[in-house]
Amino acid sequence: MGSEFLGETVQVVPHLVSAVARRIKKLGESEDADVVIVEVAARSATWRRRRLSRRCVGCETWRDAKTRFQYILTLVPLLKPTNELKTKPTQHSVRALRALGIQPDAILCRLNDPTDSEEEAESLKDKISLHCGVPRDAIIYLPTLGNVYAVPGWLEKQGLAEVIMDRLGFERRDPVVPPVWKALADKPNFDMERVSIAIVGKYTSLQDSYLSVVEALRHAELNQGIRIDLEWTPSELIEENGADRYLSKAQGIVVPGGFDKRGTEGMIQTAQYAREREIPYLGLCLGLQMMIIEFARHVAGIEEADSTEFDAAASEPVIALMEEQKNVTEIGGTMRLGAYSCVLTPGTRAYEAYAMAKNINERHRHRFEYNNAYRDRLERLGLLSSGMNPELSLVEIAEISDHPFMLGSQFHPEFRSRPEQPHPLFDLFVRYARQFRPDGTQHQLFASAVSVGS
């Protein structure tokens with residue numbers, strides 16, 4: 001929106017509300033959807049009914065009032081001393097929404113602690129229906145589930161689809177949950193091959209910071225019929241205690257994105273550990289930059305190699321701002337955001353990952369770049385620039401030529417990974433991780449053969 005308004009005042013109403021409405025409409029059109037379910041409060045969108053043609057659940061952007069459907073999501077807390085579920089917060093929420101002109105057609109009751117019996121769940125629905133004036137079949141019981149992919153199936157069982165279809169005037173049809181969602185929702189099969197992947201970052205104490213990275217790994221896991229065991233490793237601990245203590249059993253290492261200097265020396269040690277032991281390594285944004293700095297220091301002998309993000313006066317800035325970025329002070333500053341094109345080099349791991357596609361487009365969110373002044377020098381030593389942006393002549397992907405799989409991307413491939421279509425870089429990374437055996441371990445097939453023969 002910054003580039004659209006160029007310094008004008010941007011307000012929640014009308015600018016932000018209008019942008020949300022446009023996004024909802026765009027989603028419905030792109031997916032050719034009959035119903036779009038959105039968790040958003042949008043009372044003001046009633047003023048736009050005639051402009052939007054898609055039915056939208058969870059807000060009021062419909063052709064006319066007859067196709068309106070609204071739901072609210074409320075927490076039903078458990079009072080532990082008496083083991084009693086309290087519905088007063090839900091009642092107060094409904095009352096407050098009515099004061100704003102919003103009358104829910106359904107209520108989704110979030111419970112962190114599931115009820116012990118079906119009878120208790122039914123009693124809960126009766127009570128909320130009575131006090132909130134919502135039909136009993138539209139009170140949906142939604143406890144905390146094993147993972148987010150289990151939610152669609154659960155809501156189908158609870159009858160939410162039927163409530164929506166009836167309210168919007170659709171003919172009822174049998175619900176269909178895609179098989180890929182069912183597979184993701186299933187409990188782990190402990191007979192599957194297991195692969196240990198370490199995530200080394202500065203925000204590992206809050207694992208949701210890397211949620212997109214985790215989900216991209218899960219997508220590759222599903223595609224290959226394996227189970228990934230994630231090992232969360234704060235990069236600062238590697239700075240203090242060394243990499244071997246935390247990474248000796250890892251079959252693959254992911255170093256995701258981040259900002260500022262904290263923990264980066266631990267990431268550089270991680271990249272060195274992966275390079276020297278030939279452990280599959282995937283660097284994302286900052287993870288790519290740490291891989292480049294490590295290579296420059298320990299392979300090219302550029303001991304002072306650094307990033308100007310961490311030291312503006314670095315004598316060997318292998319990572320730096322582009323010259324044309326240095327004086328930019330407006331419209332998002334120096335961030336490179338959104339999709340950019342990338343041309344891949346044949347014969348590289350990147351080219352292999354993308355099934356030998358020559359041109360790709362990927363999403364970015366970063367500020368600093370691989371300094372082109374060092375490219376030729378490092379490339380002669382084996383750091384290949386396997387993906388280039390043709391318009392800006394910037395490195396998008398780099399990889400080490402004599403390593404089984406050590407690759408980093410300046411973009412964020414996790415943003416484009418989907419359950420039914422894992423991102424190619426994550427998928428290939430996991431395939432190489434499956435082949436790696438840390439010191440002191442043996443191949444699963446070999447172990448099985450020994451067990452059978454003994």
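Scope of this entry: the structure provided in the associated data block. Sequence positions are assigned chain by chain, starting from 1 and proceeding in written order. In keeping with the predicted nature of the model, local features appear solely for residues at pLDDT of at least 70, side-chain atom pairs appear and are counted solely at 80 or more, and the whole-chain, interface and lining totals rest on all residues. Remark: hydrogens and water are excluded; side-chain values derive from all non-hydrogen atoms of the structure.

## A short note on the pattern of salt bridges
Rule in force here: Any carboxyl oxygen of Asp or Glu that lies within 4 Å of a side-chain nitrogen of Lys or Arg is treated as forming a salt bridge with it. Note on exposure labels: buried denotes an accessible area under 20% of the residue type's maximum, exposed denotes more than 50%, and partly exposed covers the range between, all computed with a 1.4 Å probe on protein chains only. Comment: elements are numbered from the N terminus, with helices defined as DSSP H or I runs of at least four residues and strands as E runs of at least two.
The tally for this structure, following the rule as stated, stands at 20 salt bridges. Salt-bridge contacts for glutamate 276 lead to arginine 275; the nearest nitrogen and oxygen are separated by 3.8 Å. On the basis of relative accessibility, which here comes to 17%, the residue arginine 275 falls in the buried class. Between arginine 349 and glutamate 352 there is a salt bridge whose closest N-O contact spans 3.0 Å. Here arginine 349 and its partner glutamate 352 are both found in helix 13 (residues 349-353), 3 residues apart, which amounts to about one turn of the helix. The exposure class of glutamate 352 is partly exposed, given its relative accessible area of 36%. Among the charged side chains, a salt-bridge network with shared partners connects Glu122, Lys125, Asp126 and Arg136.

## Here's the deal with unusual backbone geometry
Of note in the backbone geometry, glutamate 278 takes a positive phi value of approximately 60 degrees without being a glycine. Its place among the elements puts glutamate 278 in the loop between helix 11 (264-277) and strand 11 (281-284). Judged by its relative accessible area of 40%, glutamate 278 falls in the partly exposed class.

## Digging into the side chain of lysine 202
As a reminder, the rule being used: Two residues qualify as a contact provided that any one of their heavy atoms is within 4.5 Å of a heavy atom in the partner residue.
Positionally, lysine 202 belongs in the loop between strand 8 (194-201) and helix 8 (211-224). Overall, the relative accessible area of 5% leaves lysine 202 in the buried class. Excluding its chain neighbours within four sequence positions, the residues that come into contact with lysine 202 are Tyr210, Ser235, Phe259, Asp260, Lys261, Arg262, Thr264, Met267 and Leu286.

## Quick word on the sheet that holds strand 7 (residues 139-143)
So the rule is basically this: For two strands to be treated as a pair, DSSP must find no fewer than two bridges joining them. Lines fitted to the C-alpha atoms define the axes, with helices restricted to the stretch that makes contact. Angles between their N-to-C directions range from 0 to 180 degrees.
One open sheet holds the 3 strands; their spatial order is 3-6-7, and the pairing between them is parallel. Here the strands that pair on one side only, and so sit at the sheet edges, are strand 3 (71-75) and strand 7. Between one strand and the next, the sheet's axes are offset by a mean angle of 20 degrees, whatever the strand orientation. Sheet topology places strand 3 next to strand 6 (residues 106-111); 5 bridges connect them, and they run parallel. Bridge assignment links leucine 75 to a residue of strand 6, and that residue is arginine 110. Sheet strands touched by helix 3 (residues 88-99): strand 3 and strand 6. Its angle to strand 3, the strand with the most contacts, is close to 145 degrees.

## Some words on the layout of surface pockets
In plain terms, the rule: In this analysis the probe radius is 1.4 Å and the grid spacing 1 Å, with only protein atoms considered; a cavity is a set of points the probe fits into but cannot get out of, a pocket is an open set with protein on both sides within 12 Å along at least five of seven lines, and lining residues have an atom within 4 Å of a point. Grid points are joined across faces, edges and corners, and a volume is the space filled by probe spheres set on the points. Amino acids are sorted into nonpolar (Ala, Val, Leu, Ile, Met, Phe, Trp, Tyr, Cys and Pro), charged (Asp, Glu, Lys and Arg) and polar (every other residue, Gly among them).
Considered as a void within the structure, the largest pocket measures approximately 2000 Å³ in volume. Looking at the lining of the largest pocket, its residues break down into 28 nonpolar, 2 polar and 11 charged. In this structure, the second largest pocket occupies an estimated 470 Å³ of space. If you trace the second largest pocket, you find 23 residues lining it, with Asn147, Leu184, Asp186, Glu221 and Arg227 closest to the centre. Breaking the lining of the second largest pocket down by element, the ones donating at least two residues are helix 7 (179-185), helix 8 and strand 9 (227-234). No other element matches the 5 residues that helix 8 contributes to the lining of the second largest pocket. In terms of residue class, the lining of the second largest pocket is made up of 12 nonpolar, 3 polar and 8 charged.

## Some thoughts on helix 15 (residues 424-435)
What counts, and what does not: Working rule for helices: expected span equals 1.5 Å times residues minus one.
For helix 15, built from 12 residues, the straight-helix expectation of 16 Å at 1.5 Å per residue is met to within 8% by its first-to-last C-alpha distance of 17 Å. Restricting attention to buried positions, one finds in helix 15 the residues Leu425, Phe426, Asp427, Leu428, Phe429, Val430, Tyr432 and Ala433.

## Observations regarding a nonpolar patch on the surface
What counts, and what does not: Here a patch means residues that are over 30% exposed by relative accessible area and free of salt bridges, tied together within 9 Å if like-charged and within 5 Å if nonpolar (Val, Leu, Ile, Met, Phe, Trp, Tyr). Note that accessible areas follow from Shrake-Rupley with a 1.4 Å probe, and for residues the cover is restricted to the protein chains shown.
On the surface, a nonpolar cluster with roughly 260 Å² of combined accessible area is contributed by Val12, Val13 and Leu16. Following the sequence through the fold, valine 12 ends up in helix 2 (residues 12-30).

## Notes on the pairing of strand 9
Along a regular strand, successive side chains alternate from one face of the sheet to the other. Operational definition: Crossover handedness is defined by viewing with both strands directed away from the observer: a clockwise path from the first strand over the helix to the second marks the crossover as right-handed.
When strand 8 meets strand 9, the two strands line up parallel, connected through 8 bridges. Considered in strand 9, the bridge of isoleucine 197 is made with leucine 230. Once the chain exits strand 8 it traverses helix 8 before rejoining the sheet at strand 9, and the crossover so formed is right-handed.

## Re the packing of helix 11 against helix 12 (residues 286-298)
Here is the rule we go by: The labels follow the angle: roughly parallel below 35 degrees, roughly antiparallel above 145, roughly perpendicular from 65 to 115, and oblique for the rest. The crossing is said to be left-handed when, going from far helix to near helix, the turn is anticlockwise and less than a right angle, and right-handed when the turn is clockwise.
Between helix 11 and helix 12, the shortest axis-to-axis distance is 8 Å and the interhelical angle comes to 70 degrees. When the axis of helix 11 is compared with that of helix 12, the two are roughly perpendicular. Here the hand of the crossing between helix 11 and helix 12 comes out right-handed. On helix 12, the residues that touch Thr264, Glu265, Met267, Ile268, Ala271, Gln272 and Arg275 of helix 11 are Leu286, Met290, Met291, Ile293, Glu294, Phe295, Arg297 and His298.

## Quick notes on the packing of aromatic side chains
To keep things clear, this is the line we draw: Paired rings are identified among Phe, Tyr and Trp, the last through its six-membered ring, by centres lying within 6.5 Å, and are further divided according to the angle between planes into stacked (under 30 degrees), edge-to-face (over 60) and tilted (the rest). For a Lys NZ or an Arg CZ to count as sitting over a ring, it must be within 6 Å of the ring centre and within 35 degrees of the ring normal.
Enumeration according to the criterion identifies 5 aromatic pairs in this entry. Of the aromatic side chains, those joined through ring pairs into one cluster are Tyr203, Tyr210 and Trp232. Its end group placed over the ring of tyrosine 340, arginine 336 keeps NZ or CZ at 4.7 Å from the ring centre.

## Looking at the environment of aspartate 174
Structurally, aspartate 174 is set in the loop between helix 6 (160-168) and helix 7. For aspartate 174, a relative accessible area of 70% translates into the label exposed. When the C-alpha positions of aspartate 174 and glutamate 162 are compared, they lie 9.3 Å apart, and in sequence the two are 12 residues distant.

## Let's talk about helix 12
When the terminal C-alpha atoms of helix 12 are compared, their 18 Å separation across 13 residues agrees well with the 18 Å that a helix rising 1.5 Å per residue should span. Judged by how many residues are buried, helix 12 sits mostly within the fold: 12 of 13 residues are covered. Those residues of helix 12 that fall on the buried side of the exposure criterion are Leu286, Gly287, Leu288, Gln289, Met290, Met291, Ile292, Ile293, Glu294, Phe295, Ala296 and Arg297.

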